[in-house]
Amino acid sequence: MYISLINFTASNFFKMNKISCCFLVLIFVATFGSTTECCILPELVPVTKDQERIIKNLKPRTEVLVEGSIFTVSYNEVLQQPNWIRYDVRSIEKLVDRDGMVFYEVDTIITSDNEDYYSNPWDKGHLAPAAAFTDSYDNLYATFSFLNCTLQKDQLNRGEWAELETQIREWADQLGTLNIEIVLEFNETATTLPTGATIPVGYWKNIQFPDDTKRCFYFPNEDTTANWTEYEISCNG
């Protein structure tokens, strides 16, 4: 075992997924007492933030409930995507722009990160949309948490999904505050990227109006083929 371990180089370590790397480090610590006593570790690349968080938590959680300033989210560390998110869309005056804002990680929760969205057709899709929270810098900045980010097909994110978001803001201007819930769908066909995050199969978007009526929509996470109105479904189904 010692001979085989000493030949384990940084390139080998780098090819492993995040969780496997962390478990290997845990084995080293249990065997040698500390990482400094293991002769191979100086050859390894430093652990990433994700790896540190996995070590601390030992096991990724299927649900972490976070009540933020503008949304409440059930986050799945195994999938590195939200389970669901809830937020309100209000009639607001735009006071700030998103220029220069980028998505940021949360130290205590294992989320997706920039690597999951690199050089592929998946956008960093806001669930609670940035355009609905431009009434203050703090509110807008809160939308850029990776807790609020999903692997969303680029054409969907920039097309009919965005069109429905615009319509929801118009309804809020006309009718008052709307309560929004988005539930992400995952099943056995969902793909997990080599970088660790799992791509949702689709999204349910449920809208509650001030008079307690509801409208519900379902979008497969793929290129859209119709107007957003064609994705409306029964709220009782």
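Conventions we followed
- Residues numbered from 1 in each chain as written.
- Predicted model: local features only at pLDDT ≥ 70, side-chain atom pairs only at ≥ 80, totals over all residues.
- Heavy atoms only, no water.
- Pairing = 2+ DSSP bridges.
- Helix = DSSP H or I, 4+ residues; strand = E, 2+ residues; numbered from the N terminus.
- Contact = heavy atoms within 4.5 Å.
- Axes fitted to C-alpha atoms, helices over the stretch in contact; angles between N-to-C directions.
- Buried < 20%, exposed > 50% of the residue type's maximum accessible area, 1.4 Å probe, protein only.
- Expected span 1.5 Å × (residues − 1).
- Arc of directions from axis to C-beta.
- Polar contact = N/O pair within 3.5 Å; in protein donor to acceptor, adjacent residues only side chain to side chain.
- Phe/Tyr/Trp six-rings, centres within 6.5 Å; stacked < 30°, edge-to-face > 60°.
- Lys NZ or Arg CZ within 6 Å of the ring centre and 35° of its normal.
- Disulfide = S-S within 2.5 Å.
- Salt bridge = Lys/Arg side-chain N within 4 Å of Asp/Glu carboxyl O.

**Q** What am I meant to see in the sheet that holds strand β9 (residues 232-233) here?
**A** Hydrogen bonds between backbone atoms are what pair the strands of a sheet, whose relative direction is either parallel or antiparallel. What the 7 strands build is an open sheet, ordered β1-β2-β3-β6-β7-β8-β9; its pairing is antiparallel. Each end of this open sheet is capped by a strand with a single partner; those strands are β1 (64-67) and β9. Examined bridge by bridge, β1 and strand β2 (residues 71-76) share 4 bridges and lie antiparallel to one another. By the bridge assignment, Glu-67 is partnered in β2 with Thr-72. Here helix α7 (residues 160-175) sits on the sheet and contacts β3 (81-89), β6 (178-185), β7 (202-208) and β8 (214-220); the angle it forms with β7, its principal contact strand, is near 10°.

**Q** Explanation requested: the pairing of β2 in the structure shown.
**A** Taken residue by residue, a regular strand's side chains alternate between the two faces of the sheet. Across the 6 residues of β2, 5 count as buried, placing the element largely inside the fold. Of the pairings in the sheet, the one linking β2 to β3 comprises 6 bridges and is antiparallel in character. The partner of Val-73 across the bridge, within β3, is Ile-85. Hairpin geometry of β2 and β3 is characterised by an intervening segment of 4 residues between the two adjacent antiparallel strands and by a positive phi of about 55° at Gln-80.

**Q** Got a minute to help me understand α7 in this structure?
**A** Residues spaced three or four apart along an α-helix face the same direction, because each turn holds 3.6 residues. Taking 1.5 Å as the rise per residue, α7 with 16 residues should run 22 Å; its terminal C-alpha atoms sit 22 Å apart, in good agreement. Along α7, the residues that are buried comprise Glu-160, Trp-161, Leu-164, Glu-165, Gln-167, Ile-168, Trp-171 and Ala-172. Buried residues of α7, seen end-on, are gathered within an arc of 165° and therefore sit on one face of the element. Two residues or fewer after α7 comes Gly-176, characterised by a positive phi angle close to 115°.

**Q** Could you clarify how one ought to interpret the side chain of Lys-153 in this entry?
**A** Looking at where Lys-153 falls in the secondary structure, it is placed in strand β5 (residues 149-153). A polar contact is formed between the side chain of Lys-153 and the side chain of Asp-154, at a distance of 3.4 Å. At 2.9 Å, the side chain of Lys-153 forms a polar contact with the side chain of Asp-223. Apart from residues lying up to four places away in sequence, Lys-153 is in contact with Pro-121, Trp-122, Asn-221, Glu-222 and Asp-223.

**Q** I would appreciate a short explanation of the packing of aromatic side chains in the present structure.
**A** The geometry of an aromatic ring pair is captured by two quantities: the separation of the ring centres and the angle between the planes. Counting across every chain of the model gives 13 aromatic pairs. A centroid spacing of 5.3 Å and a plane angle of 55° characterise the contact between Trp-161 and Tyr-203, whose relative ring orientation is tilted. Taken as a pair, Trp-161 in helix α7 and Tyr-203 in strand β7 lie far apart in primary sequence, 42 residues in all. Here Trp-161 matches Tyr-203 in class, with each residue buried. Taken together, the ring pairs in this structure connect Phe-103, Tyr-117, Phe-144 and Phe-146 into an aromatic cluster. The lysine or arginine in question, Lys-205, covers the ring of Trp-161, its NZ or CZ lying 4.3 Å from the ring centre.

**Q** Mind showing me how you'd approach the state of the cysteines here?
**A** The term disulfide refers to a covalent linkage connecting the sulfur atoms of a pair of cysteines. Scanning all chains against the criterion turns up 1 disulfide. Sulfur-sulfur distance for the disulfide between Cys-216 and Cys-235 comes to 2.1 Å. On the sign convention where negative is left-handed, the bridge of Cys-216 and Cys-235, at about 115° about the S-S bond, is right-handed. Separated by 19 residues along the polypeptide, Cys-216 in strand β8 and Cys-235 in the segment after β9 bring together distant segments of the chain. Judged by relative accessible area, which is 33%, Cys-235 ranks as partly exposed.

**Q** Help me understand the pattern of salt bridges, please; the structure alone is not making it clear to me.
**A** Opposite charge on two side chains permits them to pair, given that their charged atoms come into close proximity. Scanning all chains against the criterion turns up 8 salt bridges. With a shortest N-O distance of 3.0 Å, Lys-94 and Asp-97 are connected by a salt bridge. Lys-94 gets classed as exposed once you look at its relative accessible area, which sits at 55%. Accessibility expressed as a relative area gives 46% for Asp-97, which makes it partly exposed. A single salt-bridge network, built from bridges that share partners, covers Lys-153, Asp-154 and Asp-223.

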